[in-house]
Amino acid sequence: MIPGDFQPKKPTGTQLAKLGVLGAVLLGVFIVVVLLLTFVISSWLGQPVIFAREAPDQPIAFPHETHVKELGMDCTFCHRTVEKEAAASVPATGLCMTCHSAVGDELESISKMRSLYEDGRSIHWVRVHRVPDHVHFVHEAHIRYFSEKEGTEAKEVCATCHGDVASMDKVEQVRPLKMGDCVSCHKQNNAPTDCATCHY
Amino acid sequence: MADSNKWGMVVDIDRCTGCQGCVVACQAENNIPINLEEHFNQRRAIQWIRIERYWEGEYPNVKARFIPIMCQHCGNAPCEPVCPVYATYHNDEGMNVQVYNRCIGTRFCANGCPYHIRFFNFWEPEWPESLKNQLNPDVTVRSRGIMEKCSFCVQRIQRSTREAERDGVDLEDGDRGLNPACVNACATNSIIFGNFNDPNSEVSIIKEKEMKEGGRGYGLLENLGTDPNVIYLKKVDESVEVGHGH
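In this text, all values refer to a predicted model and were calculated from it rather than measured experimentally.

Reading the values: the criteria
- Residues numbered from 1 in each chain as written.
- Chains lettered and ligands numbered in written order.
- Predicted model: local features only at pLDDT ≥ 70, side-chain atom pairs only at ≥ 80, totals over all residues.
- Heavy atoms only, no water.
- Helix = DSSP H or I, 4+ residues; strand = E, 2+ residues; numbered from the N terminus.
- Buried < 20%, exposed > 50% of the residue type's maximum accessible area, 1.4 Å probe, protein only.
- Contact = heavy atoms within 4.5 Å.
- Areas by Shrake-Rupley, 256 points an atom, 1.4 Å probe, with all protein chains shown as cover.
- Lys, Arg positive; Asp, Glu negative; His and termini not counted.
- Charge placed at Lys NZ, Arg CZ, Asp CG, Glu CD.
- Pairing = 2+ DSSP bridges.
- Axes fitted to C-alpha atoms, helices over the stretch in contact; angles between N-to-C directions.
- Arc of directions from axis to C-beta.
- Polar contact = N/O pair within 3.5 Å; in protein donor to acceptor, adjacent residues only side chain to side chain.
- Buried area = accessible area lost by both parts, 1.4 Å probe.
- Salt bridge = Lys/Arg side-chain N within 4 Å of Asp/Glu carboxyl O.
- Nonpolar A, V, L, I, M, F, W, Y, C, P; charged D, E, K, R; others polar.
- Domains from an automatic or database assignment.
- Patch = residues over 30% accessible without salt bridge, like charges linked within 9 Å, V, L, I, M, F, W, Y side chains within 5 Å.
- Disulfide = S-S within 2.5 Å.

Novice: When you look at the overall build of chain A in this model, what are you seeing that I'm missing?
Specialist: Within chain A, the secondary structure is distributed over nine helices and zero strands. A buried classification covers 24% of the 200 residues belonging to chain A. If you take every contact in chain A between residues at least 6 apart in sequence, the share linking residues at least 24 apart comes to 55%. Carbon and sulfur atoms make up 62% of the accessible area of chain A, which totals about 14200 Å². Here chain A holds 19 positive side-chain charges and 24 negative ones, and the gap between their average locations is 11 Å.

Novice: Is there a simple way to think about the sheet that holds strand S1 (residues 7-12) of chain B in this case?
Specialist: For sheets, the rule is that strands pair by backbone hydrogen bonds, running either parallel or antiparallel. Residues and elements named next belong to chain B. Here we have four strands laid out as an open sheet, ordered S8-S1-S10-S9, and mixed in their pairing. Lying at the two open borders of the sheet, with one neighbouring strand each, are strand S8 (191-195) and strand S9 (217-218). Taken together, the four bridges between S1 and strand S10 (residues 230-233) define a ladder with parallel strand orientation. Looking across to S10, one finds that Asp 12 is bridged to Leu 233. Across the sheet, helix H6 (residues 202-210) lies against S1, S8, S9 and S10, angled at about 105 degrees from S8, the strand it touches most.

Novice: Hey, could you run me through helix H9 (residues 179-188) of chain A in this one?
Specialist: Working note: α-helix, 3.6 residues per turn, so residues spaced by three or four point in the same direction. Residues and elements named next belong to chain A. All of the buried residues along H9 are Asp 181, Cys 185 and His 186. Within H9, the buried residues cover an arc of 130 degrees as seen down the axis, which keeps them to one side. Against helix H6 (139-150) lie the buried residues of H9. Just downstream of H9 lies Asn 190, where phi reads positive at about 55 degrees.

Novice: What am I meant to see in the side chain of Asn136(B) here?
Specialist: Residue and element names in this part refer to chain B. If you trace the backbone, Asn 136 turns up in the loop between strand S6 (119-120) and strand S7 (147-148). Relative accessible area serves as the criterion here: at 14%, Asn 136 is assigned to the buried category. Within polar-contact distance, the side chain of Asn 136 engages the backbone oxygen of Glu 29 at 2.9 Å. Asn 136 has contacts with Glu 29, Asn 31 and Gln 155, leaving out every residue within four places of it along the chain.

Novice: Please clarify how the interface of chain B and chain A should be interpreted in this entry.
Specialist: Much of the literature gives interface size as the accessible area that the parts lose upon coming together. With 17 residues of chain B at the interface, the matching set in chain A holds 14 residues. When the two sides are added together, the surface that chain B and chain A hide from each other amounts to roughly 1400 Å², 56% of it contributed by carbon and sulfur. Our count for the chain B to chain A interface comes out at two salt bridges. Arg144(A) is paired through a salt bridge with Glu165(B); the nearest N and O atoms lie 3.5 Å apart. Where chain B packs against chain A, one counts eleven residue pairs in polar contact (both at pLDDT 80 or more). Its residues assigned to classes, the side of chain B that touches chain A shows seven nonpolar, five polar and five charged.

Novice: Help me out: how do you make sense of H6(B) in this one?
Specialist: Residues and elements named next belong to chain B. Of the residues making up H6, those classed as buried are Val 203, Ser 204, Ile 206 and Glu 210. Relative to the axis of H6, the buried residues are bounded by an arc of 165 degrees and lie together on one face. More than 90 degrees from the buried face of H6, the exposed residues found are Glu 208 and Lys 209. For H6, the elements touching its buried residues are S1, S8, S9 and S10.

Novice: What am I meant to see in the domain arrangement of chain A here?
Specialist: Split into domains, chain A comes out as domain 1 (19-53), domain 2 (64-90 + 128-197) and domain 3 (97-124). Put simply, the middle of domain 2 of chain A and the middle of domain 3 of chain A, counted by C-alpha atoms, are 27 Å apart.

Novice: It is not clear to me how a nonpolar patch on the surface should be interpreted in this structure. Could you clarify?
Specialist: Residues and elements named next belong to chain A. Among the surface-exposed residues, Val 21, Val 25, Val 29, Val 33, Leu 37, Val 40, Ile 41, Trp 44 and Leu 45 lie close enough to one another that they form a single nonpolar patch of about 900 Å² accessible area. Considering the arrangement of structural elements, one finds Trp 44 in helix H1 (residues 13-45). Assessed through its relative accessible area of 61%, Trp 44 is described here as exposed.

Novice: What is the right way to look at the state of the cysteines in this model?
Specialist: Structurally, a disulfide amounts to a covalent bond that connects the sulfur atoms of two cysteines. Residue and element names in this part refer to chain B. What the rule picks out here adds up to zero disulfides over all chains. This cysteine, Cys 26, is not joined by any disulfide, and Cys 153 carries the nearest cysteine sulfur, 6.3 Å off. Among the cysteines around Cys 150, which has no disulfide bond, Cys 71 carries the closest sulfur, lying 5.5 Å off. The class for Cys 150 is buried, based on a relative accessible area of 9%.

Novice: Would you explain the pattern of salt bridges in this entry?
Specialist: Opposite charge on two side chains allows them to pair when their charged atoms are near. Residue and element names in this part refer to chain A. Evaluation of the coordinates by the stated rule reveals 17 salt bridges over all chains. Of the charged contacts, one joins Asp 181 and Arg 175 as a salt bridge, the two residues approaching to 2.9 Å between their closest N and O atoms. By relative accessible area, which is 16% here, Asp 181 ends up buried. The partly exposed category is assigned to Arg 175, whose relative accessible area is 22%.

Here it is as structure tokens:
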């Protein structure tokens, strides 16, 4: 061998295998990080690209379409406190029974609801719209403002945030309901943007 | 009512009996975790309002003095400029607001406060199972790692304002729905809450009368220039001459 001539050592089989495993692991980590970043950033923006949250399955597939579109019931008939209080309440099964003690005998979901009513238990609905605990959203004030502004009844206002629930198969969230969403709407309507308006 | 409100308090030391009613009311209203003995020993107990007790005089003429101390909502608050994330700021109703979701827990504000009424959550708050359902839904439960302090029961102010707007009436001075929990709980009416921008409110009338030369009013540590929104009325004492201010 001439002095200075460099002969690279041939890697042995085990070394190659180790390198291969390391490369595969690093590639895997890289892919996971990219996927996570995509998920975090896109869900922060409001529309997750991967693992998009679909409308949740409810314990009883309540058809808003039948009640609102076909029967013409108001949102406020069931969500009774929405015009008066912070929360829009979900009715007790007792309210369902005012009609369903007589109608809907042939449906399975109705008999499920009736048996819950007879046992004195409530339906464990899956919550669709939720703001974090440090945000205090008050339905009453928003409904009052928009119905006065647009000169409409309370039930017409709900769609501003909740979309057209009447034609939804399963209820889903249509607005991001992030702070940016709240603040831009507050600015458009000259509503207070002081932190203590919602955060306390 | 004035266009913009400037909320404030008057605390009459002469009436305070040191019964701790305000402390308990505040604890219940504002979802403050239960302070154990070890929390006090570590100086980490959370009390948005506390009663400081001072003994005065020699036996047999010993007198106990009580001073309820809550956030003074200083007009020139030392806690505000030190916050790197603007988690504490002054709103246009004269209140020093703590924004929990902004706070990152540097604790600079607590170091700056001369009244020691800012508290850091060193632990995740815990309540016994039997008390879980008594938490106030209108108040955020503060998690570990953030500061908290007296908010003048801002949730009650917001609700009263909203309800007054809904019913088309003005906010009433001294309304029990508007008053903070400590004010409602005080058995001797030694704490009064109101709007300093309304010249007819009880606090404004007392401020007008007592903050003059010779009046009983003073601000706690007012020589520091914090411009507090809480006025204290010193004890009326015939036998002992009490110095003006602190």
